Structures are given as structure tokens and as C-alpha cells.
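# Report on the structure
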Amino acid sequence: MADAKVIPFDEDRPRRRSSPARRVRVAPEAPLAPVAEPVAEPVVEAAPERVEAGDGWDRRIAGGLAFLRRRITGEYEVDDFGYDKELTDQVLMSLMRPLYDKYFRVEVKGIENIPKEGGALIVANHSGTLPLDGLMLQVAVHDQHPAQRHLRLLAADLVFMLPVVNELARKAGHTLACAEDAQRLLEAGELVGVMPEGFKGIGKPFGERYKLQRFGRGGFVSTALRAGTPIVPCSIVGAEEIYPMIGNSKTLARLLGIPYFPITPTFPLLGPLGAVPLPTKWTIQFGEPIPTDGYAAEAAEDPMLMFNLTDQVREQIQHTLYKLLVQRRSVFF
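Summary of the structure given here. Computed from a prediction, not measured in an experiment: that's the story for all the values here. (Residues numbered from 1 in each chain as written. Predicted model: local features only at pLDDT ≥ 70, side-chain atom pairs only at ≥ 80, totals over all residues. Heavy atoms only, no water.)

### Describing the overall build of the chain
In terms of helices and strands, the chain carries nine helices and nine strands. Counting every position in the chain, which comprises 333 residues, the buried fraction comes to 39%. Within the chain, residue pairs in contact and separated by at least 24 positions form 77% of the contacts whose partners lie at least 6 positions apart. Accessible surface, the chain as shown: approximately 21000 Å² in total, 58% of it carbon and sulfur. (Helix = DSSP H or I, 4+ residues; strand = E, 2+ residues; numbered from the N terminus. Buried < 20%, exposed > 50% of the residue type's maximum accessible area, 1.4 Å probe, protein only. Contact = heavy atoms within 4.5 Å. Areas by Shrake-Rupley, 256 points an atom, 1.4 Å probe, with all protein chains shown as cover.)

Now the structure itself:
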């Protein structure tokens with residue numbers, strides 16, 4: 001893929017003009033007088049060249065046009081999973097960043113626990129009625145990590161059945177939540193994110209907020225053991241309150257073919273306006289990684305080991321959630 005070329009313009013360098021030599025006439029009959037030393041003329045430095053404010057906009061416009069040209073001509077790359085790094089960095093991240101910075105005001109802790117390079121599996125709690133926590137987690141890893149790493153989220157089948165969401169999820173690096181895809185990404189040195197609670201976590205009632213649901217059968221532990229990558233527990237506080245789910249219309253859920261149909265204080269009462277999330281204050285904390293490279297190759301087939309590691313990850317996330325809730329001053333501040 002041919003990258004757009006930026007042609008640098010050399011700055012005009014100011015040239016100092018030498019003053020013409022002065023001629024001193026001495027009359028032959030006059031006695032010689034002591035010649036005074038010439039006084040050096042002050043050197044006036046040239047003022048630094050002013051950078052016009054429009055130059056930055058010109059570069060942005062040129063970069064935007066080059067981006068559009070690559071999209072139209074197809075001169076961009078995607079990996080085997082459909083991940084489009086350029087589109088994610090320049091468009092999708094830019095769209096999610098105001099929500100992350102200004103609306104939810106996400107605070108990140110423990111980012112140093114994510115490896116600087118190589119594969120790692122980030123395991124987080126899931127909540128919020130709509131999966132905004134996964135998107136904010138993706139922005140947090142990219143913007144706060146010194147290496148600006150990208151998080152490849154494992155998503156449920158329903159995500160890839162929706163018309164527009166399917167394409168956007170693929171472009172953003174999400175892939176199907178299956179062991180084969182996760183292992184390929186981990187062995188390729190990628191950061192993989194998984195939320196084992198699934199729909200049980202994201203669709204739980206408001207009265208059960210911050211109480212972790214069952215973590216499945218521990219398939220994520222088996223995948224990490226096979227790839228030999230560390231497991232990084234992650235706790236997210238603030239997402240539970242964006243859509244307080246006080247009811248669930250199972251009849252509508254069956255008709256629409258979705259796991260649940262949420263009823264909140266504002267939805268569906270206020271219609272589309274009720275879909276606006278509450279501006280809660282978020283905290284995302286990454287715990288100490290749990291290494292898996294010290295186990296034997298057949299450890300991935302040991303059900304007791306998988307159960308113990310799964311329970312260890314779950315307990316660490318739950319304990320951190322309670323600790324963050326105690327430290328929180330307010331839901332919104």
C-alpha cells in the first residue's frame with residue numbers, strides 16, 4: 001500500500017547583507033593622528049518566521065483528502081479478521097473519544113499491568129444494558145498505554161448478525177468469541193479482550209449491579225494456557241448506572257430475537273431520548289497479570305486447573321469492584 005507523501009517546504013533562511021566598506025581620506029600634509037577603533041554596529045537578528053494558523057488546517061485537509069483517496073481507490077489494508085487499523089485510528093477512535101473524555105470522564109488505573117508487547121488476555125466485567133463498556137475499554141487501552149496498543153475484543157454472535165454493527169465491529173478489530181480466533185490473535189502477539197459474563201452480565205437487573213455473574217466454563221483460561229499468555233483482570237465501575245434496567249419485556253425480546261428487552265426509567269417511555277445514557281463517572285482498573293507460561297502443554301485440558309484459575313480471576317475482579325465502589329464519592333462525580 002502506497003502511503004501518502006508529505007512534501008516538506010524548507011523555511012526561508014534570512015540572509016545578512018554585509019555593509020559596504022567606508023573609505024577614509026587622509027590629507028598628506030596633515031599630521032598622523034591616532035586612529036580610533038571602529039565601533040561595531042549592532043547586529044539585528046531577523047524575526048522568526050511566523051507560522052500561519054492556516055498551515056495546520058491545510059495539513060489536516062490534505063491528510064483527510066489523502067485518507068478519502070485511499071478509501072475510494074481501495075489502497076488500504078485489513079487483516080484476516082477484517083480489522084482496519086487506519087479507519088479505527090482516524091475515524092472510529094475519534095468518534096468514541098469525546099464520549100470517553102468528556103461524557104463518562106473515564107479514569108484509568110493500573111495501565112502498567114498491560115504488557116508493552118506480546119499477547120495478553122484482558123478479562124473484564126460486563127454491564128450497562130448496551131455494550132458501551134467494551135468500547136470505552138478499547139479507547140482506554142489505546143490512549144493510556146505508552147505503546148498505544150489496540151485491544152481486539154471478542155464479541156457475541158448477535159453483534160455479527162446486525163447489518164451495520166457487523167461491519168463496524170469487524171473494522172474496529174472485534175471478532176467472534178470462539179477459542180480458535182482468540183488463540184490465533186494471542187499467538188500473533190495481540191491484546192485480546194473478553195467479558196465472560198456475556199448477556200447475563202450486560203442484561204442483569206439494576207438491583208444486582210456489580211455482582212458478577214457466572215464466568216461460563218472457563219474457556220478463556222484454556223485459550224490463555226494454550227497460547228502461554230498472561231491474563232490481566234479488569235474491573236469497570238460506572239457502566240452499571242448508564243441505563244438502570246428496572247424491567248425486562250421477555251415477550252418483546254422473543255419477537256425481536258434478542259436476549260432481553262430492557263425497561264429503564266427513561267426507555268421506552270421517552271422514546272429515542274430514553275436511549276441517551278446517563279453521564280456517570282467511570283473508573284477502569286487493570287489488575288496484576290496472572291502468568292500462564294509456567295504450565296505444561298497439557299494443562300489446558302485439566303478441568304480442575306481451569307476452574308481454579310477462572311475462580312481466581314473472577315474473585316480478583318469482584319474484590320476490585322467492591323474496593324472501587326467504596327472509594328467512589330458519587331455516581332456522577
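### Digging into the packing of helix H7 (residues 219-227) against helix H9 (residues 303-327)
Direction vectors running N to C along H7 and H9 enclose 110°, while the axes themselves pass 9 Å from each other. With respect to H9, the axis of H7 lies roughly perpendicular. Listed contacts from H9 to Phe220, Val221, Ser222 and Leu225 of H7 are Leu305, Met306, Leu309, Thr310 and Val313. Residues of the contact of H7 with H9, tallied by class, amount to seven nonpolar, two polar and no charged. (Axes fitted to C-alpha atoms, helices over the stretch in contact; angles between N-to-C directions. Parallel < 35°, antiparallel > 145°, perpendicular 65-115°, else oblique. Nonpolar A, V, L, I, M, F, W, Y, C, P; charged D, E, K, R; others polar.)

### A look at the nonpolar core
Soluble globular proteins tend to bury their nonpolar side chains together. By size, the foremost hydrophobic cluster in this structure holds 29 residues, and its most contacted members are Leu137, Trp282 and Phe286. Of all the secondary-structure elements, those providing two or more residues to this core are helix H2 (85-103), strand E2 (120-124), helix H3 (132-144), strand E3 (151-155), strand E6 (231-237) and strand E9 (283-286). Tallying contributions element by element places H3 first for this core, with six residues. Counting 28 residues, the second largest nonpolar core, distinct from the first, contains Leu121, Val123, Val221 and Val313. (Core = buried A, V, L, I, M, F, W, Y, C linked by side-chain atoms within 4.5 Å.)

### Quick look at a nonpolar patch on the surface
Taken together, Trp57, Ile61, Leu65, Leu68 and Ile72 make up a surface patch of nonpolar side chains, about 600 Å² in accessible area. Following the sequence through the fold, Ile61 ends up in helix H1 (residues 54-73). (Patch = residues over 30% accessible without salt bridge, like charges linked within 9 Å, V, L, I, M, F, W, Y side chains within 5 Å. Salt bridge = Lys/Arg side-chain N within 4 Å of Asp/Glu carboxyl O.)

### Quick look at the environment of Arg184
With respect to the secondary-structure elements, Arg184 resides in helix H5 (residues 179-187). With a relative accessible area of 43%, Arg184 lands in the partly exposed category. Taking the C-alpha atoms as reference, Arg184 lies 9.6 Å from Thr223; in sequence the two are 39 residues apart. Those residues in contact with Arg184 that sit more than four places away from it in its chain are Asp80 and Phe81.

### Quick look at the environment of Met195
Structurally, the position occupied by Met195 is in the loop between strand E5 (191-194) and helix H6 (199-202). Met195 gets classed as buried once you look at its relative accessible area, which sits at 14%. When the C-alpha positions of Met195 and Ala156 are compared, they lie 9.9 Å apart, and in sequence the two are 39 residues distant. Setting aside chain neighbours within four positions, we find Met195 in contact with Ala124, Asn125, His126, Asp133, Gly134, Leu137 and Ile236.

### A look at empty space enclosed by the protein
Taken as a whole and assessed by the stated rule, the structure comprises two cavities of 30 Å³ or more. As a volume, the largest cavity reaches approximately 50 Å³. Around the largest cavity sit Gly128, Thr129, Ile202, Lys204, Pro205, Phe206, Glu240, Tyr243 and Met245, which together line it. Partitioned by chemical class, the residues of the lining of the largest cavity number five nonpolar, two polar and two charged. Computed from the structure, the second largest cavity encloses a volume of approximately 30 Å³. In this structure, the second largest cavity is lined by Pro233, Cys234, Ser235, Gln285, Phe286, Gly287, Gln316, Ile317 and Thr320. (1 Å grid on protein atoms, 1.4 Å probe; cavity = no way out; pocket = protein on both sides within 12 Å on 5 of 7 lines; lining within 4 Å. Points joined across faces, edges and corners; volume = space filled by probe spheres on them.)

### Section: the side chain of His126
In this structure, His126 sits in the loop between E2 and H3. Separated by 2.8 Å, the side chains of His126 and Asp133 make a polar contact. Apart from residues no more than four positions distant in its own chain, His126 is found in contact with Pro131, Asp133, Met195, Glu197, Gly198, Gly201, Ile202 and Lys204. (Polar contact = N/O pair within 3.5 Å; in protein donor to acceptor, adjacent residues only side chain to side chain.)

### Comments concerning the side chain of Ser127
Within the element layout of this structure, Ser127 appears in the loop between E2 and H3. Residues in contact with Ser127, not counting those within four places in the same chain, are Asp133, Gly201, Ile202, Lys204, Ala239 and Glu240.

### Focus on H3
In this model H3 runs 18 Å from its N-terminal to its C-terminal C-alpha over 13 residues, within 8% of the 18 Å that 1.5 Å per residue would give. The element H3 is largely enclosed, with a buried count of 10 among its 13 residues. (Expected span 1.5 Å × (residues − 1).)

### As for the pattern of salt bridges
The full count for this structure, using the stated rule, is 14 salt bridges. Residues Glu86 and Arg71 are paired through a salt bridge, measuring 3.3 Å at the closest nitrogen-oxygen approach. With Glu86 in helix H2 and Arg71 in helix H1, this residue pair connects regions lying 15 residues apart in the sequence. Accessibility assignment for this pair places Glu86 and Arg71 in one class, buried. For the salt bridge of Arg314 with Glu315, the shortest nitrogen-to-oxygen distance reads 3.9 Å. What makes Arg314 partly exposed here is its relative accessible area of 22%.

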